[in-house]
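Each chain, letter by letter, is given below.
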Amino acid sequence: MSIVKPTIVEKWQKKNKYGRPGTPLNYTKVAIHYTGEADVKGSATVNYFNNVVANGTKVNGKYVYASAHFVIDLDGTIYQLIPTDERCYCTNSANRYAIGIEVATTGQDNHYTDATYKSMVHLCAWLCDRKGLDCKKDIIRHTDVVGRAYKLCPIYMVLNPSKYTQFKLDCANLKAGKIKTSNIINCTNGKGKVTVIPTTATTKTKYIRILKDVNIHSKADFNSSSVVGKVTAGGAYTVVETIKRTGTDMYKLKSGVYITASPKYVEVFER
Ligand SMILES: [Zn+2]
């Protein structure tokens, strides 16, 4: 099951030693992060990586080395800064095998807007799909790599593990085609709702009830040579096919025999 690529806005970072060294990557994990400060636009994070860090900037006298493959904004826009076959500087020791996604957050608890959540599920599911990865196993949090003492990232997903599990389940269900992107419900906004797998309309089974004793046939005709027996009034049988005929139609029953469709002899019902 391959899923549609999400809409991605390309903001390619120039090659530079602080964020895009050009080192090849064959990713086996997808790591999620949060940008660190709620209600700051993802576009500001893109600008910081591409136009500040990439040019060489010092914090406390040391150059900053930082970047991400993708940044997801508060309005759900997905920006891509670095090709998926090159390393970024996002997830410490996991940089050599992980895609890094920075995600903008909102509110005191750094949860996700509905649009951001939907994009995050779509992007992660798509990234897993194209490499045959398992969403439940191969989507990781920054904290899974560096430990809680180093950083709680993404903080909402670290402090709300059941929501993180739901998020990975949503990714897995999208990847498996069990849900569509339009079905995705944000489980992080405090409303207590989660994505549900839509139930496909179950097709009802068609039956007939015999009103008057009538012959059954081995073929879809009324010739006496095809008569193989008789069914009696009151019996009920499963219809598997309706045979359109000139004259009176016939039903093929589950047992393989044919019977008249005439309402004088049989009554149809569905269940
Ligand atoms: Zn992080």
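Please refer to the structure placed before this passage.
Residues numbered from 1 in each chain as written. Predicted model: local features only at pLDDT ≥ 70, side-chain atom pairs only at ≥ 80, totals over all residues. Heavy atoms only, no water.

Undergrad: Hey, could you go over the overall build of the chain for me, with residue numbers and the actual values?
TA: Helix and strand counts for the chain stand at six helices and 15 strands. A compact globule built from 271 residues should have a C-alpha radius of gyration of about 18 Å, whereas the chain, at 30 Å, is more than 25% larger. Taken across its 271 residues, the chain has 45% of its residues classed as buried. The long-range fraction of contacts in the chain, counting pairs at least 24 apart against all pairs at least 6 apart in sequence, stands at 67%. Summed over its atoms, the accessible surface of the chain is roughly 14,000 Å², and 48% of this surface lies on carbon and sulfur atoms. Separation of charge centres in the chain, based on 39 positive and 21 negative side chains, amounts to 3 Å. (Helix = DSSP H or I, 4+ residues; strand = E, 2+ residues; numbered from the N terminus. Rg over C-alpha atoms; globule rule 2.2 N^0.38 Å. Buried < 20%, exposed > 50% of the residue type's maximum accessible area, 1.4 Å probe, protein only. Contact = heavy atoms within 4.5 Å. Areas by Shrake-Rupley, 256 points an atom, 1.4 Å probe, with all protein chains shown as cover. Lys, Arg positive; Asp, Glu negative; His and termini not counted. Charge placed at Lys NZ, Arg CZ, Asp CG, Glu CD.)

Undergrad: Quick one: what's the story with the side chain of Arg20, residue by residue and with numbers?
TA: Relative to the helices and strands, Arg20 resides in the loop between β1 (9-10) and β2 (29-34). Within the local environment of Arg20, its side chain forms a polar contact with the side chain of Glu86, the two groups lying 2.8 Å apart. Apart from residues lying up to four places away in sequence, Arg20 is in contact with Trp12, Gln13, Lys14, Lys15, Ile82, Pro83 and Glu86. (Polar contact = N/O pair within 3.5 Å; in protein donor to acceptor, adjacent residues only side chain to side chain.)

Undergrad: Give a detailed account of the nonpolar core, specifying residues and quantitative values.
TA: Ranked by internal contacts, the top residues of the largest apolar core, which has 35 residues, are Val30, Ile101, Met120, Leu123, Cys124, Leu127 and Phe167. Per-element tally for this core: the top contributor is helix α2 (residues 114-129), with nine residues. Val53, Ala66, Cys88 and Cys90 belong to the second-largest nonpolar core, a separate cluster that totals 13 residues. (Core = buried A, V, L, I, M, F, W, Y, C linked by side-chain atoms within 4.5 Å.)

Undergrad: Give me the packing of aromatic side chains: which residues, what numbers.
TA: If you walk through the whole model with that rule in mind, you get seven aromatic pairs. Centre to centre, the rings of Tyr117 and Phe167 are 6.0 Å apart; their planes meet at 70°, and the pair counts as edge-to-face. In this pair, Tyr117 is assigned in helix α2 and Phe167 in helix α6 (residues 161-175), connecting sequence segments 50 residues apart. Taken individually, Tyr117 and Phe167 each receive the classification buried, so the pair is uniform in this respect. Each ring, one from Tyr207 and one from Phe269, has its centre 5.3 Å from the other, and the planes form 15°; the classification is stacked. Linking Tyr207 in strand β9 (residues 206-210) with Phe269 in strand β15 (residues 266-270), this pair joins segments that are 62 residues apart in sequence. The class for Phe269 is buried, based on a relative accessible area of 17%. (Phe/Tyr/Trp six-rings, centres within 6.5 Å; stacked < 30°, edge-to-face > 60°.)

Undergrad: Let's hear about α2: which residues, and what values?
TA: Along its 16 residues, α2 runs 22 Å from first to last C-alpha, staying within 8% of the 22 Å computed at 1.5 Å per residue. Counting buried residues along α2, 13 of its 16 residues qualify, which places the element largely inside the surrounding structure. (Expected span 1.5 Å × (residues − 1).)

Undergrad: How would you sum up the environment of Asn51? Please name residues and give values.
TA: Positionally, Asn51 belongs in helix α1 (residues 42-51). In this structure Asn51 comes out as partly exposed when scored by relative accessible area, which is 46%. Put simply, Asn51 and Gln13 are 38 residues apart on the chain and 8.5 Å apart in space, counted from C-alpha to C-alpha. In terms of polar contacts, Asn51 uses its side chain to reach the side chain of Asn47, at 2.5 Å.

This is a description of form; function is not addressed.
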